[in-house]
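# Observations on the model geometry
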Amino acid sequence: MEKQSNKANMVASLMSVKQKSGKTFSQIAEETGLTNVYVAQLLRRQAQLKPETAPKLKAALPSLSDEQLHDMMEAPLRSYDPNLIQDPTVYRLNEAVMHFGESIKEIINEEFGDGIMSAIDFFCSVDKVKGVDGKDRVVVTFDGKYLPHTEQKSEHMVSRLMRKE
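Residues numbered from 1 in each chain as written. Predicted model: local features only at pLDDT ≥ 70, side-chain atom pairs only at ≥ 80, totals over all residues. Heavy atoms only, no water.

### Quick notes on the overall build of the protein chain
What counts is decided by this rule: Per the convention used, a helix needs a DSSP run of H or I reaching at least four residues, while a strand needs a run of E reaching at least two, with both numbered from the N terminus. With the radius of gyration taken over C-alpha atoms, the globule rule is written as 2.2 Å times the number of residues to the power 0.38. Buried residues are those whose accessible area, probed at 1.4 Å on protein chains only, stays under 20% of the maximum for their type, while exposed residues exceed 50% and partly exposed ones sit between those limits. A contact between two residues is defined here by any heavy atoms of the two lying within 4.5 Å. Using a 1.4 Å probe, accessible areas were evaluated by the Shrake-Rupley method; residue-level cover was limited to the displayed protein chains.
Of the regular secondary structure elements, the protein chain holds 7 helices and 2 strands. Along the chain direction, N to C, the helices and strands of the protein chain fall in the order α-α-α-α-α-α-β-β-α. The C-alpha radius of gyration of the protein chain comes to 20 Å, more than 25% above the 15 Å expected for a compact globule of 165 residues. Its C-alpha atoms put the protein chain at 60 × 55 × 30 Å along the principal axes. With 165 residues in all, the protein chain has 21% of them scored as buried. Sequence-distant contacts in the protein chain: of pairs separated by 6 or more residues, those separated by 24 or more amount to 57%. Accessible area for the protein chain stands at about 12,600 Å²; split by element, carbon and sulfur atoms hold 55% of it.

### Some points on the layout of surface pockets
Using the following cut-off: A 1.4 Å probe that fits but cannot get out identifies a cavity on a 1 Å grid over protein atoms alone, an open set with protein on both sides within 12 Å along at least five of seven lines counts as a pocket, and a residue lines either if it has an atom within 4 Å of a point. Grid points are joined across faces, edges and corners, and a volume is the space filled by probe spheres set on the points. As a working rule, the residues Ala, Val, Leu, Ile, Met, Phe, Trp, Tyr, Cys and Pro are called nonpolar, Asp, Glu, Lys and Arg charged, and the rest polar, with Gly in that last group. Where each domain starts and ends follows an automatic or database-derived domain assignment.
Empty space within the largest pocket amounts to approximately 2,000 Å³. Looking at the largest pocket, it is lined by 42 residues, and the ones nearest its centre are Val 37, Gln 41, Gln 46, Leu 84 and Cys 124. Looking at the lining of the largest pocket, the elements that each hand over two or more residues are helix H1 (2–21), helix H2 (25–32), helix H3 (36–43), helix H6 (88–112), strand E1 (115–130) and strand E2 (136–148). If one sorts the elements of the lining of the largest pocket by residue count, E1 sits on top with 8 residues. Its residues assigned to classes, the lining of the largest pocket comprises 25 nonpolar, 12 polar and 5 charged. In this structure, the lining of the largest pocket is formed jointly by two domains, domain 1 (1–73) and domain 2 (84–154), each of which donates at least three residues. Considered as a void within the structure, the second largest pocket measures approximately 490 Å³ in volume.

### Points about the UniProt feature "domain: Cyanate lyase C-terminal" (unreviewed entry) in the protein chain
Condition: UniProt positions are given in the numbering used here, feature names are shortened, and annotations may be inferred rather than shown by experiment.
Listed under "domain: Cyanate lyase C-terminal" (unreviewed entry) in the UniProt record, and renumbered for this structure, are residues 79–152. The distance from the first to the last C-alpha atom of residues 79–152 is 31 Å, and the span holds 34% helix and 39% strand.

### A closer look at the domain arrangement of the protein chain
Its domain assignment divides the protein chain into domain 1 (1–73) and domain 2 (84–154). Relative to domain 2, the C-alpha centre of domain 1 lies at a distance of 25 Å.

### Observations concerning the nonpolar core
Selection criterion: What we call a nonpolar core is a set of buried Ala, Val, Leu, Ile, Met, Phe, Trp, Tyr and Cys residues that are connected through their side-chain atoms within 4.5 Å.
Ranked by internal contacts, the top residues of the largest apolar core, which has 17 residues, are Leu 49, Leu 57, Leu 61, Leu 64 and Met 72. If you list the elements that add at least two residues to this core, you get H1, H2, H3, helix H4 (54–60) and helix H5 (66–72). Residue contacts for Leu 64: discarding those within four places in its chain leaves Leu 14, Val 17, Leu 57, Lys 58 and Leu 69.

### Description of the packing of aromatic side chains
Note the following rule: What counts as a ring pair is set by centres within 6.5 Å for rings of Phe, Tyr and Trp (its six-membered ring), and what kind of pair is set by the plane angle: stacked under 30 degrees, edge-to-face over 60, tilted for all other angles. A ring is considered to have a charge above it if a Lys NZ or an Arg CZ atom is located within 6 Å of its centre and within 35 degrees of its normal.
Evaluation of the coordinates by the stated rule reveals 2 aromatic pairs. Summarising the aromatic geometry, the rings of Phe 112 and Tyr 146 are spaced 4.9 Å apart at their centres and angled 20° between planes, so their arrangement reads as stacked. Here the residue Phe 112 occupies a position in helix H6, and Tyr 146 occupies one in strand E2, the gap between them amounting to 34 residues. On the basis of relative accessible area, Phe 112 is assigned to the exposed category, the value being 53%. Given a relative accessible area of 21%, Tyr 146 falls into the partly exposed group. The residue whose ring lies beneath Lys 18 is Phe 25, and the NZ or CZ to ring-centre distance is 4.5 Å.

### Considerations on H6
The test is simple: Consider a residue and the seven residues that end there alongside the seven that start there; fitting an axis to each set, the bend is the angle between those axes. Polar contacts, as used here, are pairs of N or O atoms within 3.5 Å; protein pairs need one atom able to donate a hydrogen and one able to accept it. Residues neighboring in sequence count only if both atoms are side-chain atoms.
Bending of H6 peaks at approximately 55° at the position of Gly 101. The residue sitting at the N-terminus of H6 and contributing the capping side-chain oxygen is Asp 87; that oxygen lies 3.0 Å from the backbone nitrogen of Thr 89. Of the residues trailing H6, Gly 113 is marked for its positive phi of about 115°.

As C-alpha cells, then:
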C-alpha cells in the first residue's frame, strides 16, 4: 500500500509541474519527440523515462527536479485504479474496445494470421480533427507490433532441449 501512496504523491507532483508549465501533453510531446499519450504515461508513472529522453523532458518542463527525473527513470508500478472505469471517457473507451473488439480481432487474424497486437511494443496517440460536418472529432491511434501465436513444438522448447544435454 505504501508503494501505491508513494506513486500517488509522485503523480500529483509531476502533474503539478505540468500544470504550472501551462503546456498541454501535445505541446510537451512535440518538444520531446514523444507521443502525447506517452508523455501522459510518463507523468502518471505508467511508463519509464529513458536516460536519453530525460534532457528533452527537462527542457520541456524545467521545473522538474533531478530527483523527479531520477524517480521517473526507475521501472514504474504499472497499475490503475479500478474506480477509473467510472469516468465517462474511460468507460466509453472501454465500451468502444468491447463493442468493436471482436471485429478488430477478426480483421487482425484475416490480415496477419493467428496472433495479437502487442501492448508492449506499442504506440498510442490522441489527435483532434474536424469531421466532414465541421465538428471536432477524437482520433485514438493504437499502433502495436503484430505478435503471431506459435505452434508449441516440444523440439523448439529450450527448457526441454537443455534437459537432453
